[in-house]
Amino acid sequence: IPEECIITKVATGVTTTITTSINHNFVVGQEVYFTIPSQWGMTQLDSAGFLLQSGVPQQAYVLSVTANTIVVNINSTGFTAFAYLLSLFISSKNL
């Protein structure tokens, strides 16, 4: 089931932890993509930007969840800072 959530926080590391503004319905193993406008930082996490720069899809999968967080398999060590604004979304792919 496709879903969009507002991202309020991103914790970087070998895996990346995303906090959403509301409880979500993402599940372990689900592929997700990120829409992050450049003016709000952490453009390395933006799925469309990643594809344009690398020529390959981002392959972000949910590793674990809580009510309002997901951990994905993206190594975000060294990514630029994330700045929360109300128009940032995470979406599930409708495969």
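Above this note sits the structure.
Asker: Where do I start with the overall build of the chain in this structure?
Answerer: When helices and strands are tallied, the chain shows one helix and six strands. Each helix and strand of the chain, placed in order from N terminus to C terminus, yields the pattern β-β-β-α-β-β-β. By the burial criterion, 38% of the 95 residues in the chain qualify as buried. For the chain, the share of sequence-separated contacts (at least 6 apart) that also reach a separation of at least 24 residues comes to 69%.

Asker: Can you walk me through the pairing of strand 2 (residues 16-20) in this structure?
Answerer: Where a strand is regular, its side chains alternate between the two sheet faces. Most of strand 2 is tucked away, with four of its five residues classed as buried. As paired elements, strand 1 (residues 4-11) and strand 2 share four bridges and run antiparallel to each other. The partner of I7 across the bridge, within strand 2, is T20. The antiparallel pairing of strand 1 with strand 2 creates a hairpin that spans four residues between the two strands, and G13 there sits at a positive phi of about 160°. In terms of strand pairing, strand 2 meets strand 5 (residues 69-72) through four bridges, oriented antiparallel. In the sheet register, T16 faces strand 5, and the bridge partner there is V72.

Asker: What am I meant to see in the nonpolar core here?
Answerer: Nonpolar side chains tend to gather and get buried jointly when the protein is soluble and globular. Counting residues in hydrophobic clusters, the biggest one holds 16 residues, and the most contacted among them are V10, I18, V32, F34, L45 and I70. Looking at this core, the elements with two or more residues in it are strand 1, strand 3 (31-35), strand 4 (60-65) and strand 5. When residues in this core are grouped by element, the largest group, three residues, is from strand 1.

So, how was this worked out
- All residue numbers refer to positions counted from 1 along the written sequence of the respective chain.
- Two thresholds apply to this predicted model, a pLDDT of at least 70 for residue-level local features and 80 or more for giving and counting side-chain atom pairs, whereas whole-chain, interface and lining totals are computed over all residues.
- Only hydrogens and water are set aside; all other atoms, that is, all heavy atoms of the structure, feed into the side-chain values.
- Secondary structure is summarised from DSSP: a helix means a run of H or I of at least four residues, a strand means a run of E of at least two, and numbering begins at the N terminus for each.
- Only protein chains enter the area calculation, which uses a 1.4 Å probe; residues under 20% of their type maximum are buried, those over 50% are exposed, and those in between are partly exposed.
- Residue contacts are counted whenever heavy atoms from the two residues lie within 4.5 Å of one another.
- Two strands form a pair only when DSSP identifies at least two bridges running between them.
- Each nonpolar core is a collection of buried residues, namely Ala, Val, Leu, Ile, Met, Phe, Trp, Tyr and Cys, held together in the definition by side-chain atoms within 4.5 Å.

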